[in-house]
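Overview (structure and organization)
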Amino acid sequence: MLYNWTAIKGIRFEDLTDRKIIEVSVDEKRIALLKKDEHLFAFAATCPHAGAKFCTGWLDVQGRIVCPEHKYRFEPTNGRNTSGEGYKLRTYPLEIREGLIFIGL
Ligand code: FES
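Residues numbered from 1 in each chain as written. Predicted model: local features only at pLDDT ≥ 70, side-chain atom pairs only at ≥ 80, totals over all residues.

Counting its regular elements, the protein chain contains zero helices and 10 strands. From first element to last, N terminus to C terminus, the protein chain shows the α and β order β-β-β-β-β-β-β-β-β-β. Radius of gyration (C-alpha) of the protein chain: 13 Å, near the 13 Å computed for a compact globule of 105 residues. Its C-alpha atoms put the protein chain at 40 × 25 × 20 Å along the principal axes. In the protein chain, once contacts between residues fewer than 6 apart in sequence are set aside, the share between residues at least 24 apart is 39%. (Helix = DSSP H or I, 4+ residues; strand = E, 2+ residues; numbered from the N terminus. Rg over C-alpha atoms; globule rule 2.2 N^0.38 Å. Contact = placed C-beta atoms within 7 Å.)

Here it is, written out as structure tokens:
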């Protein structure tokens, strides 16, 4: 798959807080970023179930994203809906280049 790699402006990897989900805007898309155990993940900022914002969500003890609205859970590596409701969270590839974060859209 070919991606359009775009720098996420104003945010550097080392500035992010571990296990905290933040929301950023890239090319008019709303993207959620999560740093966990020195890895970085990007996914759609809103839940595929009913559109709640993940930036007010959290991680469970297994490191899965928990939606703040109905508590459905998603695997940050691949967007799998691990609580079993059949949804799929869109995820995006990332690269760190000289401290800057690039996202593949
Ligand atoms: S809006 Fe996320 S689980 Fe319902």
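As a further point, take the sheet that holds strand β7 (residues 73-74). Strands sit in the order β5-β6-β7 across an open sheet of three strands; the sheet is antiparallel. Since the sheet does not close on itself, it has two edges, and those belong to β5 (58-59) and β7, each with one partner. Direction of pairing for β5 relative to strand β6 (residues 65-66): antiparallel, over a ladder of two bridges. Residue pairing for β6: W58 is matched across the bridge by V66. (Pairing = 2+ DSSP bridges.)

We now examine the nonpolar core. Across soluble globular proteins, you tend to see nonpolar side chains buried next to one another. Among the nonpolar cores identified, the biggest contains 18 residues, and I31, A32, L33, L34, A42, F43 and F54 are the most heavily contacted of them. Of all the secondary structure elements, the ones that give two or more residues to this core are β3 (29-36), β4 (39-44) and β10 (100-104). Counting residues per element, this core draws most heavily on β3, which supplies four residues. Aside from chain neighbours lying at most four places away, what touches F54 is I21, A32, A45, C47, I65 and C67. (Core = buried A, V, L, I, M, F, W, Y, C linked by C-beta atoms within 7 Å. Buried ≥ 20, exposed ≤ 12 C-beta atoms within 10 Å, placed from the backbone.)

Taken together, the four strands give an open sheet; going across it, the order is β2-β3-β4-β8, and neighbouring strands pair in antiparallel fashion. Looking along the sheet, the strands with just one partner apiece sit at the ends: β2 (21-26) and β8 (91-92).

Next up on the list: the pairing of strand β9 (residues 94-97). When β9 meets β10, the two strands line up antiparallel, connected through four bridges. Paired with L94 across the strands is I103, a residue of β10.

Of the two faces of β10, the one lined by I101 and I103 is fully buried and the one lined by L100, F102 and G104 carries no buried residue. Relative to β10, strand β1 (residues 5-12) runs antiparallel, the two sharing four bridges. What sits directly across from T6, in β10, is I103. The turn linking β9 back onto β10 is made up of two residues, and E98 within it adopts a positive phi angle of 50°.

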